[in-house]
Amino acid sequence: MTNKYEILTNRVIITLKGPERHSLLQGIITNNTDRINGTDAVYAAILTPQGKYLYDFFLFETDETIYLDCEKSSLTELFQKLLMYRLRSNVEIIDQSEKYIVLSSDEKQHGISFIDPRHSEMGYRSILEKSPDGVAVEEYHERRISLGIAEGTNDYIPEKSIILEGHFEDLNGVDFEKGCYVGQEVIARMKYRRKIKKQMFPVKLNGAAPEFGTDIIDNNGNKVGDIRSNAGGFAIALFRIDKMEMGKSYDCGDIQVTPFKPNWISNE
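Residues numbered from 1 in each chain as written. Predicted model: local features only at pLDDT ≥ 70, side-chain atom pairs only at ≥ 80, totals over all residues. Heavy atoms only, no water.

Moving on, we get to helix α5 (residues 184–192). Here α5 has its buried residues at Gln-184, Val-186, Ile-187, Ala-188 and Met-190. Contacts from the buried residues of α5 go to β3 (42–47). Backbone geometry just downstream of α5 places Arg-194 in the positive-phi region, at approximately 55 degrees. (Buried < 20%, exposed > 50% of the residue type's maximum accessible area, 1.4 Å probe, protein only. Helix = DSSP H or I, 4+ residues; strand = E, 2+ residues; numbered from the N terminus. Contact = heavy atoms within 4.5 Å.)

In structure tokens:
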């Protein structure tokens with residue numbers, strides 16, 4: 001069987017090394033660093049003090065080093081944010097964007113390779129110094145979007161979006177049992193008081209995808225949501241959940257979009 005992989009050119013690596021690397025992250029990320037165990041990867045985010053999305057990323061540990069897989073466009077800001085939170089912690093933080101590439105593949109690769117912790121159908125993520133043998137493909141975002149998985153600034157708006165709008169709990173990205181982290185009180189309150197008014201769902205497109213942020217309109221001319229990232233005839237859309245129905249078609253730019261609910265999303 002031929003190894004198929006995709007180089008995720010919009011992803012880069014930061015490493016954290018030192019005896020206080022776990023405690024540093026524990027106080028600032030949405031997930032529990034106890035889950036960073038050398039076998040499984042962890043998906044998490046950093047929020048504003050008001051509980052708004054800033055960055056999401058993957059964490060994997062080997063040889064006493066945590067590898068942080070993040071968006072390339074967020075690298076500089078995230079790197080500076082980690083340095084700011086480090087203060088006097090004994091942690092070495094290094095920008096490794098020139099050393100490593102990030103891959104998505106159906107098979108485990110040699111080196112640093114782990115199952116995507118959000119959904120098994122997303123396959124493996126790997127952190128390598130060079131491309132492996134095999135056939136390069138471009139299917140990552142089509143797979144992600146058809147599954148309804150929001151990711152990074154493809155779908156979230158920094159300092160505005162709420163991670164629970166993207167079903168972050170169902171994607172194993174937030175731990176409601178761990179201690180405090182930046183923005184934790186807001187997120188916990190929204191969950192337990194059921195204050196989520198908007199959520200992201202995949203939609204089928206009946207034509208060329210509209211631009212990011214294009215309004216989704218119902219039959220009465222009312223806005224019920226807006227479009228986010230797209231690929232392969234699907235898109236992610238943010239909906240007012242009290243104003244929309246699954247399986248119903250809505251106008252969006254010059255086309256219609258039809259939302260559907262993937263089976264991994266719980267009845268929140």
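Attention now goes to the environment of Asn-230. Positionally, Asn-230 belongs in strand β13 (residues 223–231). We classify Asn-230 as partly exposed; its relative accessible area is 38%. Look past the residues within four positions of Asn-230 in its chain and what remains in contact with it is Ile-145, Leu-205, Ala-209, Pro-210 and Ala-235.

So, on to the sheet that holds strand β7 (residues 101–105). Strand order in this open sheet of five strands is β8-β9-β7-β1-β10, and the pairing throughout is mixed. The sheet terminates laterally at β8 (112–115) and β10 (135–136), the two strands that pair on one side only. (Pairing = 2+ DSSP bridges.)

Going through the model one piece at a time under the given rule, you end up with nine aromatic pairs. Ring centres of Phe-60 and Phe-114 lie 5.0 Å apart, and the angle between their planes is 15 degrees; this geometry places the pair in the stacked category. One end of the pair, Phe-60, is in strand β4 (residues 53–62); the other, Phe-114, is in strand β8, and 54 residues separate them in sequence. Aromatic ring contacts, followed pair by pair, group Tyr-43, Tyr-53, Phe-58, Tyr-156 and Phe-168 into a single cluster. The residue whose ring lies beneath Arg-118 is Tyr-43, and the NZ or CZ to ring-centre distance is 5.5 Å. Lying across the ring of Phe-58, Arg-125 places its NZ or CZ 3.9 Å from the centre. (Phe/Tyr/Trp six-rings, centres within 6.5 Å; stacked < 30°, edge-to-face > 60°. Lys NZ or Arg CZ within 6 Å of the ring centre and 35° of its normal.)

Attention shifts here to the environment of Gly-134. Within the element layout of this structure, Gly-134 appears in the loop between β9 (124–128) and β10. Note on Gly-134: relative accessible area 47%, which makes it partly exposed. Taking the C-alpha atoms as reference points, Gly-134 and Asn-3, separated by 131 residues in sequence, lie 4.7 Å from one another.

Turning our attention to empty space enclosed by the protein. Following the criterion strictly, the structure yields two cavities of 30 Å³ or more and no others. Every residue along the wall of the largest cavity is listed here: Lys-4, Tyr-5, Glu-6, Ser-104, Ser-105, Asp-106, Val-137, Glu-139, Tyr-140 and Arg-143. For the lining of the largest cavity, the secondary structure elements donating two or more residues are β1 (4–7), β7 and α3 (140–147). For the lining of the largest cavity, the leading source of residues is β1, giving three residues. Of the residues assigned to the lining of the largest cavity, the class counts are three nonpolar, two polar and five charged. The volume enclosed by the second largest cavity comes to roughly 30 Å³. Taken together, Tyr-53, Leu-54, Tyr-55, Asp-56, Cys-70, Glu-71, Ser-74 and Leu-78 make up the full set of residues lining the second largest cavity. Listing elements by their share of the lining of the second largest cavity, those giving two or more residues are β4 and β5 (65–71). With four residues, β4 is the largest single contributor of residues to the lining of the second largest cavity. (1 Å grid on protein atoms, 1.4 Å probe; cavity = no way out; pocket = protein on both sides within 12 Å on 5 of 7 lines; lining within 4 Å. Points joined across faces, edges and corners; volume = space filled by probe spheres on them. Nonpolar A, V, L, I, M, F, W, Y, C, P; charged D, E, K, R; others polar.)

An ideal rise of 1.5 Å per residue puts 16 Å on twelve residues; helix α2 (residues 75–86) measures up with 16 Å between its terminal C-alpha atoms. Considered for burial, the residues of α2 that qualify are Leu-75, Leu-78, Phe-79 and Leu-82. On an axial view of α2, the arc spanned by its buried residues comes to 100 degrees, and they lie on one face. Exposed and facing more than 90 degrees away from the buried side of α2 are Thr-76 and Glu-77. Leu-87 lies just past α2 and shows a positive phi near 50 degrees. (Expected span 1.5 Å × (residues − 1). Arc of directions from axis to C-beta.)

Enumeration over the complete set of coordinates arrives at 14 salt bridges. Close ionic contact of Asp-116 with Arg-118 constitutes a salt bridge, the shortest N to O distance being 2.8 Å. According to the relative accessible area criterion, Asp-116 is buried, its value standing at 1%. Among the ionic pairs, Lys-191 bridges to Glu-169, the shortest N-O distance being 3.0 Å. Residue Lys-191 is located in helix α5, and its partner Glu-169 is located in the loop between α4 (152–155) and α5; the two are separated by 22 residues in the primary sequence. Lys-191 sits in the partly exposed class, given a relative accessible area of 26%. (Salt bridge = Lys/Arg side-chain N within 4 Å of Asp/Glu carboxyl O.)

Quick look at the sheet that holds strand β2 (residues 11–17) now. Spatially, the five strands line up as an open sheet ordered β3-β4-β5-β2-β6, and their pairing is antiparallel. If you trace the sheet from one side to the other, it starts and ends with β3 and β6 (92–95), each paired once. Taking the axes of each pair of neighbouring strands and ignoring which way they run, one obtains an average angle of 30 degrees across the sheet. The pairing of β3 with β4 spans six bridges and is antiparallel. Of the residues in β4, the one forming a bridge with Tyr-43 is Phe-58. Sheet contacts for α2: β2, β3, β4, β5 and β6; angle to β6, the most-contacted strand, approximately 170 degrees. (Axes fitted to C-alpha atoms, helices over the stretch in contact; angles between N-to-C directions.)

Keep in mind that these numbers describe shape and distance, not what the molecule does.
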